[in-house]
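A closer look at the structure
The residues making up each chain are set out below.
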Amino acid sequence: SIWPSKKEVVMKDEVPGSIPGLGSNNVIKTVKIFWHLYVRNPILFIGQAITNWRVVGSIFPTSAPLRKAVVIAGRGGQKKFDLIIIHGDGTGEFVYEILRQAHEDNLVIKNLIAMDVNEKFTENATKLLTNITAKYPSRTKVIFETMDALNTAQYLAKRNIGKADLVIGAIPYSILPKQLEAWAELYGNITSNFVYYTYLPMFKRAKQKLAMRAFMQELKKYFSNVEEHTTVLANIPPAKVIVAETT
C-alpha cells in the first residue's frame with residue numbers, strides 16, 4: 001500500500017437529524033460526538049486563535065452550514081473519489097463533513113488526507129474521529145498529517161500518488177499575501193478541482209481584500225474556471241465559497 005499507517009482512522013458518520021452527530025440510537029456515543037464538535041472543538045480553537053493567530057486566522061471553527069456548502073461545491077456531480085485532500089483541516093470538522101455527506105449521498109471516497117500545521121488540532125481531530133468510528137465504520141481511509149500544506153506536491157511525489165480529485169482549502173490565505181502565487185501554483189499542480197472559502201469583504205482589512213482578489217487572479221493562471229459559488233451568512237464571520245476547476 002502507498003498509504004502510511006500513522007495517525008490513520010477509518011470511519012463513517014450518519015446524520016438523520018439536522019445537526020451533525022444527532023439522531024444516533026446510541027445516546028452515549030452521540031453525546032460524545034456532539035460534545036467534541038460543539039463544545040470541545042470551539043474551546044480549543046479559541047485558545048489556539050489567541051496564542052497563534054497568524055496560523056489559525058479565525059476565532060471560531062468553520063460552521064456546519066459553511067462546511068456543508070464547501071463540500072457540496074467541491075463535489076459537484078461527482079460520486080466517486082480516489083483522493084480528497086483537506087488543507088487546514090483544523091479540529092476535524094471538514095473530515096467529519098465529507099464523511100457525513102458520503103454516507104448520506106452514497107459517495108465512494110477511497111482515500112482522504114487531512115493536513116494541518118497545528119499538532120494540537122490534528123490530535124483533537126483524531127480523537128473526534130475515533131469516537132465516530134466506534135459506531136460508523138467505513139472503507140474510506142483517512143490519514144492525518146501535521147505538516148505545511150505548501151509541501152503537498154513533494155508529499156504526493158514521495159509516495160508516488162497522483163493528482164487529487166478534490167482539494168479543499170480552509171487556510172487563511174488573505175493573511176499570507178507573500179505566498180499567494182505559490183499557493184495558486186501548488187493547487188494547479190496537484191488537482192483540477194479546488195474549493196475554498198473566504199470571509200466577506202466587509203469583514204476584511206483593505207490589504208486582505210486586495211490579497212484575495214490577487215489570489216483569484218493567480219488561480220486563473222492554472223484553472224480554466226474560477227468563480228464564486230455561494231455565500232453563507234451562518235458563519236462567524238459570514239463567508240463566500242469559491243471554486244476553481246479545469247474541465
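Residues numbered from 1 in each chain as written. Predicted model: local features only at pLDDT ≥ 70, side-chain atom pairs only at ≥ 80, totals over all residues. Heavy atoms only, no water.

1. Describing the nonpolar core
Tyr-173, Trp-183, Tyr-187, Phe-194, Tyr-196, Phe-215 and Leu-219 are the most contacted members of the largest nonpolar core, which totals 34 residues. For this core, the elements supplying multiple residues, two or more each, are β2 (80-87), β3 (108-116), α6 (152-158), α7 (180-190), β6 (193-199), α8 (206-219) and β8 (239-245). When residues in this core are grouped by element, the largest group, six residues, is from α7. In contact with Tyr-187, not counting residues within four places along its chain, are His-87, Val-167, Ile-171, Tyr-173, Phe-194, Phe-215 and Phe-223. Ile-84, Ile-98, Leu-166 and Ala-170 belong to the second-largest nonpolar core, a separate cluster that totals 31 residues. (Core = buried A, V, L, I, M, F, W, Y, C linked by side-chain atoms within 4.5 Å. Buried < 20%, exposed > 50% of the residue type's maximum accessible area, 1.4 Å probe, protein only. Helix = DSSP H or I, 4+ residues; strand = E, 2+ residues; numbered from the N terminus. Contact = heavy atoms within 4.5 Å.)

2. Re the pairing of β8
In terms of residue burial, β8 counts as a mostly covered element, since six of its seven residues are buried. For β6 and β8, the ladder comprises seven bridges, and the chain directions are antiparallel. By the bridge assignment for β8, Tyr-199 is matched with Ala-239. As paired elements, strand β7 (residues 225-232) and β8 share seven bridges and run antiparallel to each other. Bridging from a neighbouring strand, Thr-230 pairs with Val-241 of β8. The hairpin turn running from β7 into β8, its antiparallel successor, is six residues long. (Pairing = 2+ DSSP bridges.)

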